[in-house]
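# Understanding the architecture of this molecule
In case you want the letters, here they are:
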Amino acid sequence: KPKREPHVLEEVDVLRMVARAGLHPISGTRDIAIIRFLWATGVRRAEVANLLLDNVDLEERVATVVGKGDKERLVVFNEQCCEWLDFWLQDREESWPKREGVETFFITIDGYRMKPENVSAIVKTCAREAGLQGQVWAHLFRHSALTRLLDNGVAIQDVAKLAGHANINTTARYHHVEEGRLKEIYDRA
């Protein structure tokens, strides 16, 4: 059976999606923050939807997410992502409806907590508007982020911890080494 080539997003694809999201006058800042967070962390769509305000530390550039089996884990994000999360928080405070009891980091336009389907819809809309060919879905960001970490030499055990994988074999599925890179990886090690 021929091996299927892994499909990953390239940074240029993400930038095109961000550019399209930025054209949305109401939800643009939120949507860019979501796309940046997915790209930087590789979290699942449900983890984005359920992320709590109190679980994001912009100074340290970390967030605590609740994954499968209600397991908490720490994720790290880059400076660009941090900036957009901060922009989103400012916009949320100034312009978005406030609902009692809604403590999630990302909210719907009506001010309610998001559902994983909302995250998927944002990704699909931005991808379609950016003219990206083929399927782009929220989990593709996870696949891309984990593959990027592994390809850049992060130890598989560390990637497994960041991804919230209990079994390292799950993480190994994200590692696709081209034959041409094997010598380079060997020599670097």
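Everything quoted here is computed from the prediction, not taken from an experiment. (Residues numbered from 1 in each chain as written. Predicted model: local features only at pLDDT ≥ 70, side-chain atom pairs only at ≥ 80, totals over all residues. Heavy atoms only, no water.)

### Here's the deal with the packing of helix α6 (residues 138-151) against helix α7 (residues 156-163)
- Packing of α6 against α7 leaves a shortest axis separation of 9 Å and a crossing angle of 155°. By the angle class used here, α6 and α7 are roughly antiparallel. As for the relative orientation of α6 and α7, their crossing is right-handed in sense. On the side of α6, the interface is formed by Arg142, Leu146, Leu149 and Leu150, while α7 contributes Ile156, Val159, Leu162 and Ala163.
- Classifying every residue of the contact of α6 with α7 by side-chain character gives 7 nonpolar, no polar and 1 charged. (Axes fitted to C-alpha atoms, helices over the stretch in contact; angles between N-to-C directions. Helix = DSSP H or I, 4+ residues; strand = E, 2+ residues; numbered from the N terminus. Parallel < 35°, antiparallel > 145°, perpendicular 65-115°, else oblique. Left-handed = near helix turned anticlockwise from the far one by under 90°. Contact = heavy atoms within 4.5 Å. Nonpolar A, V, L, I, M, F, W, Y, C, P; charged D, E, K, R; others polar.)

### As for the packing of aromatic side chains
- Evaluated as defined, the whole model comprises 5 aromatic pairs.
- Aromatic side chains Trp88 and Trp96 sit 4.8 Å apart centroid to centroid with 85° between the ring planes, which places their arrangement in the edge-to-face category. Neither Trp88 nor Trp96 differs from the other in exposure class; each is buried.
- Feature note: the residues Trp88, Trp96, Phe105 and Phe106 constitute an aromatic cluster, connected by ring pairs.
- The ring of Trp39 carries the charged tip of Arg148 above its face, separated from the ring centre by 3.9 Å. (Phe/Tyr/Trp six-rings, centres within 6.5 Å; stacked < 30°, edge-to-face > 60°. Buried < 20%, exposed > 50% of the residue type's maximum accessible area, 1.4 Å probe, protein only. Lys NZ or Arg CZ within 6 Å of the ring centre and 35° of its normal.)

### Thoughts on the pairing of strand β2 (residues 62-66)
- The pairing of strand β1 (residues 56-57) with β2 spans 2 bridges and is classified as antiparallel. Paired with Asp57 across the bridge in β2 is Val62.
- Hairpin connection of β1 to β2: 4 residues between the antiparallel strands, including Arg61 at a positive phi of 60°.
- Note that β2 and strand β3 (residues 72-76) share 5 bridges and pair antiparallel. Paired with Thr64 across the bridge in β3 is Leu74. (Pairing = 2+ DSSP bridges.)

### Side note on the confidence of the model for the protein
- Residues at a pLDDT of 70 or more form 92% of the protein, whose mean pLDDT is 89.
- β1 holds the highest mean pLDDT among the elements of the protein, 98, whereas helix α9 (residues 179-188) holds the lowest, 66.
- In the predicted structure, residues 1-6 sits below a pLDDT of 50 and forms 2 contacts with residues beyond four places in sequence or in another chain. (pLDDT = per-residue confidence, 0-100.)

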